[in-house]
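What the coordinates show
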Amino acid sequence: MSHYLEQTQFQFFFMLCLLLASLFPLVATPSPEQTAFEYFATVLVVGQYPRAKHLYLTGRSEAQAHVKGLFAPCFPDTGFRAFWAANEATDAPAVPIAYRAFSRFKRASAFNRGGTQVRLYRAVTGLGGTYVYLAVYKMHHFTDHYLVKISDAGEVEVCKQGEIW
């Protein structure tokens, strides 16, 4: 009887562990879009947008992947210009962006006319890394285009191009 009790307790303990493990999913590697957003939020926002009280985003990436735009001169001497020229925009499912840990970011389901907007596009992989395009703009003022490169080794480089309206 004692052996049966020990076996039952072990089974109960094992099932309890499985239940608890299912409540806490394994830590996943963040998406390249999330990595680019976190770099933007922690490093670039402070220096580039000190007067912006809030930056608005939808909480998801756009449903398109591309590196088109003003980025041809980015990353010189790496062959990026040829990669840029050959790249075409493709549709891709949007991915969620975790932004709530960054107090300056607010969710907006539509464009907030007076606020500074952030749009993040799906990642494009190739040429020694992954590239994520972020557009930051304030209607009738400016648009800043960032191309965040996350190398295969995890290093981050940024190319910024801008337009004034």
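Structure: see above.
In every chain, residue numbers begin from 1 and rise along the written sequence. In keeping with the model being predicted, local features are shown solely for residues with a pLDDT of at least 70 and side-chain atom pairs are shown and tallied solely at 80 or more, while totals for entire chains, interfaces and linings include all residues. In computing side-chain values, all of the structure's heavy atoms are included and hydrogens and water are not.

Comments concerning the overall build of the protein
Here is the rule: The secondary structure listing takes helices from DSSP runs of H or I that are at least 4 residues long and strands from runs of E that are at least 2 residues long, numbered from the N terminus. Burial here depends on accessible area, computed with a 1.4 Å probe over protein chains only, as a share of the maximum for the residue type. Under 20% is buried, over 50% is exposed, and the range in between is partly exposed. Note on areas: Shrake-Rupley with a 1.4 Å probe; residue coverage comes only from the protein chains shown.
Tallying secondary structure elements over the protein gives three helices and nine strands in all. Going residue by residue from the N terminus, the α and β elements of the protein occur as α-α-β-β-α-β-β-β-β-β-β-β. The proportion of buried residues among the 165 residues of the protein is 38%. A total accessible area of about 10400 Å² is found for the protein, and carbon and sulfur atoms account for 61% of it.

Considerations on the pattern of salt bridges
One side chain can pair with another of opposite charge once the charged atoms of both are near each other. Our working rule: Salt bridges are identified by distance alone: a Lys or Arg side-chain nitrogen within 4 Å of an Asp or Glu carboxyl oxygen.
Evaluation of the coordinates by the stated rule reveals four salt bridges. Ionic pairing is found between Arg119 and Glu62, a salt bridge with its closest N-O pair at 3.6 Å. Separated by 57 residues along the polypeptide, Arg119 in strand S5 (residues 116-120) and Glu62 in the loop between strand S1 (55-57) and strand S2 (64-65) bring together distant segments of the chain. Exposure remark for Arg119: the relative accessible area of 6% places this residue in the buried category.

Considerations on unusual backbone geometry
Its identity as a non-glycine residue notwithstanding, Phe75 has a phi of 50°, on the positive side. Even without a glycine there, the phi angle at Leu127 is positive, about 50°. Along the polypeptide, Leu127 turns up in the loop between strand S6 (124-126) and strand S7 (129-138). With a relative accessible area of 35%, Leu127 lands in the partly exposed category.

Focus on the environment of Lys106
Take Lys106: it is sitting in strand S4 (residues 105-107). What makes Lys106 partly exposed here is its relative accessible area of 34%. Remark: the alpha-carbon pair of Lys106 and Gly59, spanning 47 residues in sequence, is separated by 8.6 Å.

Some thoughts on helix H2 (residues 32-48)
Definition in use: Each residue is assigned a bend, namely the angle between axes fitted to the seven residues that terminate at it and the seven residues that start at it. By definition in these notes, contact holds between two residues if any of their heavy atoms fall within 4.5 Å.
The largest bend in H2 amounts to roughly 40° and is located at Ala41. Residues of H2 that are buried: Glu33, Gln34, Ala36, Phe37, Phe40, Ala41, Leu44 and Val45. Against the buried residues of H2 lie S1, S4, S5, S7, strand S8 (142-151) and strand S9 (156-164).

Description of the nonpolar core
Counted only if it meets this: In plain words, nonpolar cores are sets of buried Ala, Val, Leu, Ile, Met, Phe, Trp, Tyr and Cys residues tied together by side-chain atoms within 4.5 Å.
With 24 residues, the main nonpolar core has Phe37, Phe40, Phe105, Val118 and Leu134 as its most contacted residues. Within the residue set of this core, elements represented by two or more residues are H2, S1, S5, S7 and S8. In terms of residue count, H2 provides more of this core than any other element does, six residues in total. Leaving out residues up to four positions away in the same chain, Phe37 has contacts with Leu57, Ile97, Ala98, Tyr99, Phe102, Phe105 and Leu120. Core analysis: the second largest hydrophobic core is formed by 16 residues, Val67, Ala72, Phe80 and Ala135 among them.

Observations regarding the layout of surface pockets
To keep it simple, the criterion reads: Buriedness of a pocket was judged along seven lines, with at least five required to meet protein on both sides within 12 Å; pockets are open sets of points on a 1 Å grid over the protein atoms alone, cavities are sets where a 1.4 Å probe fits but cannot get out, and lining residues have an atom within 4 Å of a point. Grid points are joined across faces, edges and corners, and a volume is the space filled by probe spheres set on the points. Note on residue classes: Ala, Val, Leu, Ile, Met, Phe, Trp, Tyr, Cys and Pro are nonpolar, Asp, Glu, Lys and Arg are charged, and everything else, Gly too, is polar.
Estimates place the volume of the largest pocket at around 220 Å³. Taken together, 13 residues form the lining of the largest pocket, with Arg51, Ala52, Thr116, Lys138 and Phe142 sitting closest to its centre. Looking at the lining of the largest pocket, its residues break down into five nonpolar, five polar and three charged.

So, the state of the cysteines
Note the threshold: Whenever a pair of cysteine sulfur atoms sits within 2.5 Å, that pair is classed as a disulfide.
Summed over all chains, the structure comprises one disulfide. Each disulfide pairs two cysteine sulfurs, and for Cys74 the partner residue is Cys159, the sulfurs being separated by 1.9 Å. Taking the sign of the S-S torsion, about -70° here, the bridge from Cys74 to Cys159 comes out left-handed. Placement of Cys74 in the loop between S2 and helix H3 (80-86) and of Cys159 in strand S9 is noted, with a sequence separation of 85 residues between them.

The quantities given are spatial measurements derived from coordinates; they are silent on function.
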